[in-house]
Amino acid sequence: MSTREHILELVNDAIESSPHEHIYDLLHFICGKSYIVLDAVAEILLVTMSEIDPFEDAVQKLEKERKYPGMVEDEPATESEPSSKRTWKIYVCKRWETCEVCDEEYDVSANTSGSCYRHSGEIEVDEHAATWDHLGRIAGPIDTPENRKKYCDGFRWTCCYQPSDDSDRCENGTYAPRDALSCDYTC
Ligand SMILES: [Zn+2]
Ligand SMILES: [Zn+2]
């Protein structure tokens, strides 16, 4: 094994076992130091307009070409190139988001209609549920977060009237980003 391979093996092992804060600090540091690393990290963590809206991207490129003829897009990074001369890709938002409706993590560039399975309504007390017959009157309010968990058979969805613990969701749509500042593009 060469020295480089040996160090790489040690570094890979250290990456796996180091506290997350140190890995975050390291990424922030090397992204600020190296164009190549910045390009690579941006490619993984961000999305370009062409990934989420090819038509809009084509329109913008034509417009740019008209204004600045001969401008070349998406050149690979080299460390020797001064930052001011580089033509950077235009990133529009983060790649990884969490859906505020179903709590799933998703890739913004693959957010198509039908990606997110959910209920379109709210959870309400099902007054006719057998759960309440067996329990009689519960002291205090019925519709509480604790009771929704404990007596899920006694609650139902307003959209499809299925029990609140039913996993058979009645609607599918696109994922909705939890981060309000994130882009909400869909494919
Ligand atoms: Zn969702
Ligand atoms: Zn439903």
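Above: the structure in question.
Below is a short write-up of the structure. If you're wondering where the values come from, they're calculated on a predicted model, not measured in any experiment. (Residues numbered from 1 in each chain as written. Chains lettered and ligands numbered in written order. Predicted model: local features only at pLDDT ≥ 70, side-chain atom pairs only at ≥ 80, totals over all residues.)

### Description of the overall build of the chain
A count of helices and strands for the chain gives 7 helices and 8 strands. The contacts in the chain between residues at least 6 apart in sequence include a share of 62% that link residues at least 24 apart. (Helix = DSSP H or I, 4+ residues; strand = E, 2+ residues; numbered from the N terminus. Contact = placed C-beta atoms within 7 Å.)

### Topic: unusual backbone geometry
The backbone phi angle of D103 is positive, close to 70°, even though this residue is not glycine. Looking at the secondary structure, you find D103 in the loop between β3 (96-98) and β4 (105-107). A tally of 9 C-beta atoms within 10 Å means that D103 is categorised as exposed. Of note in the backbone geometry, Y161 takes a positive phi value of approximately 60° without being a glycine. Turning to its location among the elements, Y161 is positioned in the loop between β7 (155-157) and β8 (171-173). Under the C-beta neighbour-count criterion, Y161 is labelled exposed, with 12 such atoms within 10 Å. (Buried ≥ 20, exposed ≤ 12 C-beta atoms within 10 Å, placed from the backbone.)

### Some details on the packing of helix α2 (residues 20-33) against helix α3 (residues 35-45)
Helix packing geometry: the angle between the two helix axes and the distance between the axes. Taken N-terminus to C-terminus, the directions of α2 and α3 make an angle of 120°; their axes are 6 Å apart at the nearest point. Viewed along their axes, α2 and α3 adopt a mutual orientation that is oblique. Every pair of crossing elements has a handedness; the one defined by α2 and α3 is left-handed. Together, L27, I30 and C31 of α2 and V37, L38 and V41 of α3 make up the contact between the two elements. For the contact of α2 with α3, a count of residues per class yields 6 nonpolar, no polar and no charged. (Axes fitted to C-alpha atoms, helices over the stretch in contact; angles between N-to-C directions. Parallel < 35°, antiparallel > 145°, perpendicular 65-115°, else oblique. Left-handed = near helix turned anticlockwise from the far one by under 90°. Nonpolar A, V, L, I, M, F, W, Y, C, P; charged D, E, K, R; others polar.)

### Observations regarding the environment of C170
With respect to the helices and strands, the residue C170 is situated in the loop between β7 and β8. C-beta crowding within 10 Å serves as the criterion here: with 15 such atoms nearby, C170 is assigned to the partly exposed category. With 13 residues separating them in the primary sequence, C170 and W157 have C-alpha atoms 9.6 Å apart. The contacts of C170, once residues within four sequence positions are left out, are H119, S120, C159 and C160.

### A closer look at helix α5 (residues 54-67)
Its 14 residues give α5 an end-to-end C-alpha distance of 20 Å, which sits within 8% of 20 Å, the value for a rise of 1.5 Å per residue. Burial within α5 is sparse, with just 0 of its 14 residues counted as buried. (Expected span 1.5 Å × (residues − 1).)

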